[in-house]
Amino acid sequence: MAEEEIDDVDRAILYALQEDARNMSSGDIAERTGTSDSTVRKRIQRLESDGIIKGYSASIDYQRSGYPLRMLLYCTASIPERGGIVPEILKIDGVVSVQELVTGEQNLLVTAVGESDGDITPVAQELLDMGLTVADEVLVRSHETTPFGKFDAGNDP
């Protein structure tokens with residue numbers, strides 16, 4: 001079965017889930033979109049099965065939870081191994097995300113959190129031990145996100 005193209009109702013569902021998936025019921029979304037509760041549930045199931053919705057997770061304030069350091073490590077891996085090494089990097093204690101970059105010399109962006117420099121330094125060493133080059137390290141003060149505006153189908157929250 002071919003994946004369906006997303007429409008304005010799908011976009012409104014995605015926007016609502018990005019705003020607050022935990023507290024947004026299918027009934028709430030149905031009210032916003034002018035559709036039925038069952039339509040919203042079916043659409044969410046389709047968006048999940050099509051891989052558009054990859055999952056649901058908590059947004060953690062690492063600083064408030066006792067891990068005030070957030071470090072971005074820009075790394076270089078050989079092109080053939082870049083994608084395959086991501087799962088191994090995610091196993092490193094303190095690593096919370098890895099992004100593959102497709103332009104520039106640095107082709108992996110690793111985010112690590114910790115209580116002190118002593119927590120971050122071993123992450124960089126493990127990356128080096130894996131054969132990666134750590135080209136730059138950037139300490140992050142804050143990190144905020146917002147729902148993607150193109151998914152807001154003009155419905156007022």
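Thresholds, definitions, all that
Residues numbered from 1 in each chain as written. Predicted model: local features only at pLDDT ≥ 70, side-chain atom pairs only at ≥ 80, totals over all residues. Heavy atoms only, no water. Salt bridge = Lys/Arg side-chain N within 4 Å of Asp/Glu carboxyl O. Helix = DSSP H or I, 4+ residues; strand = E, 2+ residues; numbered from the N terminus. Buried < 20%, exposed > 50% of the residue type's maximum accessible area, 1.4 Å probe, protein only. Polar contact = N/O pair within 3.5 Å; in protein donor to acceptor, adjacent residues only side chain to side chain. Contact = heavy atoms within 4.5 Å.

**Here's the deal with the pattern of salt bridges**
Now for step 1: Across all of its chains, the model carries 10 salt bridges by this definition.
Now for step 2: Aspartate 8 is the partner of arginine 11 in a salt bridge, and the nearest nitrogen-oxygen pair spans 3.4 Å. With arginine 11 and aspartate 8 both in helix H1 (residues 8-20) and 3 residues apart, this pair spans about one turn of that helix.
Now for step 3: For arginine 32, the salt bridge is made with glutamate 19, and the minimal N-O distance between the two is 2.7 Å. In this pair, arginine 32 is assigned in helix H2 (residues 26-33) and glutamate 19 in helix H1, connecting sequence segments 13 residues apart.
Now for step 4: Under the relative-accessibility criterion, arginine 32 is labelled partly exposed at 23%.
Now for step 5: Residue classification places glutamate 19 among the partly exposed positions, given a relative accessible area of 31%.
Now for step 6: One network of salt bridges, in which partners are shared, links Asp7, Asp10, Arg43, Arg46 and Asp50.

**Quick notes on the environment of valine 102**
Now for step 1: Among the secondary structure elements, valine 102 is positioned in the loop between strand E2 (95-100) and strand E3 (108-114).
Now for step 2: In this structure the C-alpha to C-alpha distance between valine 102 and isoleucine 89, which are 13 residues apart in sequence, comes to 18 Å.

**Observations concerning the environment of proline 87**
Now for step 1: Tracing the sequence through the fold places proline 87 in helix H4 (residues 79-90).
Now for step 2: Of the residues examined, proline 87 reaches a relative accessible area of 45% and is grouped as partly exposed.

**Here we look at the side chain of threonine 76**
Now for step 1: Mapped onto the secondary structure, threonine 76 falls in strand E1 (residues 69-76).
Now for step 2: Residue class for threonine 76 comes out buried when judged on its relative accessible area of 18%.
Now for step 3: In this structure the side chain of threonine 76 is engaged in a polar contact, spanning 3.3 Å, whose partner is the backbone oxygen of glutamate 105.
Now for step 4: Filtering out sequence-adjacent residues up to four positions away, threonine 76 remains in contact with Glu105, Gln106, Asn107, Leu132 and Thr133.

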